[in-house]
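For reference, the chains in residue letters:
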Amino acid sequence: MDNIINKIVSLDQRAWEIKNSTDQKLKENEQSIKETLSKMEKEAMQQAREIGKEKYDQCIKKGQEQEKYISEDTDAVCKRLDERFSRIHRVLVEEVFSQIMDLG
């Protein structure tokens, strides 16, 4: 009978050890998973920042290219207007001078 009681106590002790060991492994796995998730989150955030910066830089570059195009186009239009004004001004000055000379 003592032998049976000892086996029961031994089995109970072993079951308790297995439960404690399993609980410990679960806690370790939970901690490991939390650390892995935290690391993955940080990596995802860093990647998102890098992608965001890339997109931002692309937008800035596109804006600068558009600004350059608009500036060059505006300069060309102004140059054409100045040339036109100079031609018209020259003709008008000649006409006014001619009219003044005809009066005199």
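The paragraphs below set out a description of the structure included in this document.

The rules behind the values
- Residues numbered from 1 in each chain as written.
- Predicted model: local features only at pLDDT ≥ 70, side-chain atom pairs only at ≥ 80, totals over all residues.
- Heavy atoms only, no water.
- Helix = DSSP H or I, 4+ residues; strand = E, 2+ residues; numbered from the N terminus.
- Rg over C-alpha atoms; globule rule 2.2 N^0.38 Å.
- Lys, Arg positive; Asp, Glu negative; His and termini not counted.
- Charge placed at Lys NZ, Arg CZ, Asp CG, Glu CD.
- Salt bridge = Lys/Arg side-chain N within 4 Å of Asp/Glu carboxyl O.
- Buried < 20%, exposed > 50% of the residue type's maximum accessible area, 1.4 Å probe, protein only.

### Observations regarding the overall build of the protein
Part 1: Broken down by element type, the protein carries 1 helix and 0 strands.
Part 2: For 104 residues, the compact-globule estimate of 2.2 N^0.38 gives 13 Å, and the protein exceeds it by more than 25% at 44 Å.
Part 3: Each charge class in the protein was averaged separately, 19 positive and 22 negative side chains, and the resulting centres sit 5 Å apart.

### Observations regarding the pattern of salt bridges
Part 1: Under the definition given, this model contains 4 salt bridges.
Part 2: For the salt bridge of Glu17 with Arg14, the shortest nitrogen-to-oxygen distance reads 3.7 Å. Of the two residues, Glu17 and Arg14 both sit in helix α1 (residues 2-103), 3 residues apart, roughly one turn of that helix.
Part 3: Look at Glu17 and you get partly exposed, because its relative accessible area is 34%.
Part 4: With relative accessibility at 48%, the residue Arg14 sits in the partly exposed group.
Part 5: Ionic pairing is found between Lys19 and Asp23, a salt bridge with its closest N-O pair at 2.8 Å. A residue pair is termed a helical-turn pair when its members lie 3 or 4 positions apart in one helix, as Lys19 and Asp23 do in helix α1 at 4 residues.
Part 6: Here Asp23 falls in the partly exposed class, since its relative accessible area comes to 30%.

### Topic: the environment of Gln24
Part 1: Checked against the element boundaries, Gln24 lands in helix α1.
Part 2: The exposure class of Gln24 is partly exposed, given its relative accessible area of 40%.
Part 3: Sequence separation between Gln24 and Cys78 is 54 residues, and the spatial gap between their C-alpha atoms is 80 Å.

### Structural notes on the environment of Ile100
Part 1: With respect to the helices and strands, the residue Ile100 is situated in helix α1.
Part 2: The sequence separation of Ile100 and Met40 amounts to 60 residues, and the corresponding C-alpha distance is 87 Å.

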